[in-house]
Amino acid sequence: METERRVSTLELFFDLVFVFTVTQLTVLLAGDLSLRGAGQVLVIFTVLFWMYGGYAHLTNQVPPDSNARRVALMLAMGAFLVCALAVPTAFGAGGVAFGLGYLVVVLVHSALFMQAHGLGVAWFGLPNLLCALAVTAAGFFDGAPAWALWVLALLLQFATPVIVRRAAATGDDTAEETVGEQLGGMSAAHLVERHGLLLIIVFGESVIAIGIGVGSMPLTFGIAMGAFLALAVASALWWMYFVGDEGRAEEVFAETEPDQRFKLAMLAYYYAFLPMLLGIAAFAAGVKKTIGHLGEHLHTGPAAALAGGVALYLAGDILFRRALHIGPVRYRAAALVLVVATVPAGTRLSGAWQLVALVAVLVGTLLVEARRPVTSGVKGS
């Protein structure tokens with residue numbers, strides 16, 4: 001029977017610092033609701049979330065139970081904070097600072113893993129280092145060269161799991177030990193709890209971002225109702241993951257063979273969680289631009305951010321359920337289509353009507369699902 005491990009307070013502190021990047025991405029997107037702005041948010045957060053996942057796996061296998069490890073983790077927190085502060089100008093004047101902060105994040109991660117697992121870390125440490133160097137180099141360029149280096153960083157990240165698994169398959173003893181100990185032997189309870197806490201912190205940061213959007217505007221009845229409706233949307237999204245799915249996810253991971261857990265974790269807590277987290281940030285950016293104009297026709301950008309943020313979250317949630325084979329996805333797929341269809345309610349009626357429509361779609365979906373049985377299980381079981 002595997003030893004159950006829970007998330008430490010230092011890991012939670014780490015997450016609080018990391019989630020500041022989501023707040024900064026919300027600010028970046030709210031200031032540039034265009035395809036260019038959305039593209040910048042996508043690549044920046046994908047690069048950052050890769051290393052967040054790396055630290056989640058790190059502390060799952062190498063708990064911060066000594067002073068040296070605690071200090072190293074705090075150094076990584078400081079580097080993540082530098083990255084977060086540089087997010088608004090990562091494609092400009094702050095690009096080099098972002099890259100150097102990210103380089104420190106990678107070096108600390110590799111050093112802690114090397115201390116526990118030896119030279120086998122090179123199979124993923126070297127690609128991570130090349131990724132950090134690409135991001136740092138991007139800070140010295142503008143336009144197409146900068147974008148090309150960011151895309152190179154993404155390609156290196158997506159190739160890393162394949163490199164590690166193939167290295168293990170060749171019979172390399174060091175690689176096999178690393179895959180077996182670091183990737184396969186992860187604690188199911190810790191993995192699920194760590195990402196659940198991250199998600200709830202992101203929800204909280206987004207609510208704060210909405211409050212910042214209100215700023216010094218007088219608290220009229222309309223603004224209060226808009227904030228209430230935005231909170232209702234966030235609450236429905238919270239319900240979709242935390243009421244049922246989180247518990248079932250832990251059961252599935254506990255039942256999955258250790259050598260299959262890393263692949264499942266990548267599908268559920270990287271590829272599926274990326275759109276979920278980005279969706280919350282996009283929705284918060286839409287609310288920030290809408291909250292003071294609830295009775296007016298919205299421009300396409302804010303209306304698309306409101307609907308697109310919720311749709312992104314639902315898309316990630318559907319991927320999450322499909323990866324773990326928990327519960328039906330057809331109702332949430334239908335909700336995704338209906339959510340996108342709320343854009344005209346914002347552009348032709350008002351922001352308030354679009355928020356009402358979003359609440360109606362999400363609550364209606366939850367009510368339909370409550371009347372249907374939920375199944376779960378590991379694929380092939």
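Residues numbered from 1 in each chain as written. Predicted model: local features only at pLDDT ≥ 70, side-chain atom pairs only at ≥ 80, totals over all residues. Heavy atoms only, no water.

**Remarks on the environment of Thr160**
Piece 1. Summarising the element assignment, Thr160 is placed in helix H6 (residues 143-169).
Piece 2. On a C-alpha basis, the gap between Thr160 and Pro127 in space is 6.3 Å, while along the polypeptide they are 33 residues apart.
Piece 3. Aside from chain neighbours lying at most four places away, what touches Thr160 is Trp50, Phe124, Pro127 and Asn128.
Piece 4. A polar atom in the side chain of Thr160 sits 2.7 Å from the backbone oxygen of Leu156. (Helix = DSSP H or I, 4+ residues; strand = E, 2+ residues; numbered from the N terminus. Contact = heavy atoms within 4.5 Å. Polar contact = N/O pair within 3.5 Å; in protein donor to acceptor, adjacent residues only side chain to side chain.)

**A word on the packing of helix H2 (residues 35-61) against helix H8 (residues 188-214)**
Piece 1. With their axes 10 Å apart at the nearest point, H2 and H8 run at an angle of 140° to one another. In terms of their interaxial angle, H2 and H8 are classed as oblique. Crossing geometry of H2 relative to H8 is assigned as right-handed. Of the residues in H8, those touching H2 at Phe49, Tyr52, Tyr55, Ala56, His57, Thr59 and Asn60 are His190, Leu191, Arg194, His195 and Leu198.
Piece 2. Tallied by class, the residues present in the contact of H2 with H8 amount to six nonpolar, five polar and one charged. (Axes fitted to C-alpha atoms, helices over the stretch in contact; angles between N-to-C directions. Parallel < 35°, antiparallel > 145°, perpendicular 65-115°, else oblique. Left-handed = near helix turned anticlockwise from the far one by under 90°. Nonpolar A, V, L, I, M, F, W, Y, C, P; charged D, E, K, R; others polar.)

**Quick notes on the packing of aromatic side chains**
Piece 1. This model, assessed by the stated rule, comprises 27 aromatic pairs.
Piece 2. Here the aromatic rings of Phe49 and Tyr52 are separated by 5.8 Å at their centres, their planes lie at 5°, and the arrangement is stacked. Note that Phe49 and Tyr52 are positioned in helix H2 at a spacing of three residues, about one turn of the helix. No difference in accessibility class separates Phe49 from Tyr52, as the two residues are buried.
Piece 3. A network of ring pairs unites the aromatic residues Phe14, Phe18, Phe45, Phe49, Trp50, Tyr52, Tyr55, Phe80, Phe158, Tyr270 and Tyr271 as a single cluster. (Phe/Tyr/Trp six-rings, centres within 6.5 Å; stacked < 30°, edge-to-face > 60°. Buried < 20%, exposed > 50% of the residue type's maximum accessible area, 1.4 Å probe, protein only.)

That's the geometry; what it means functionally is another story.
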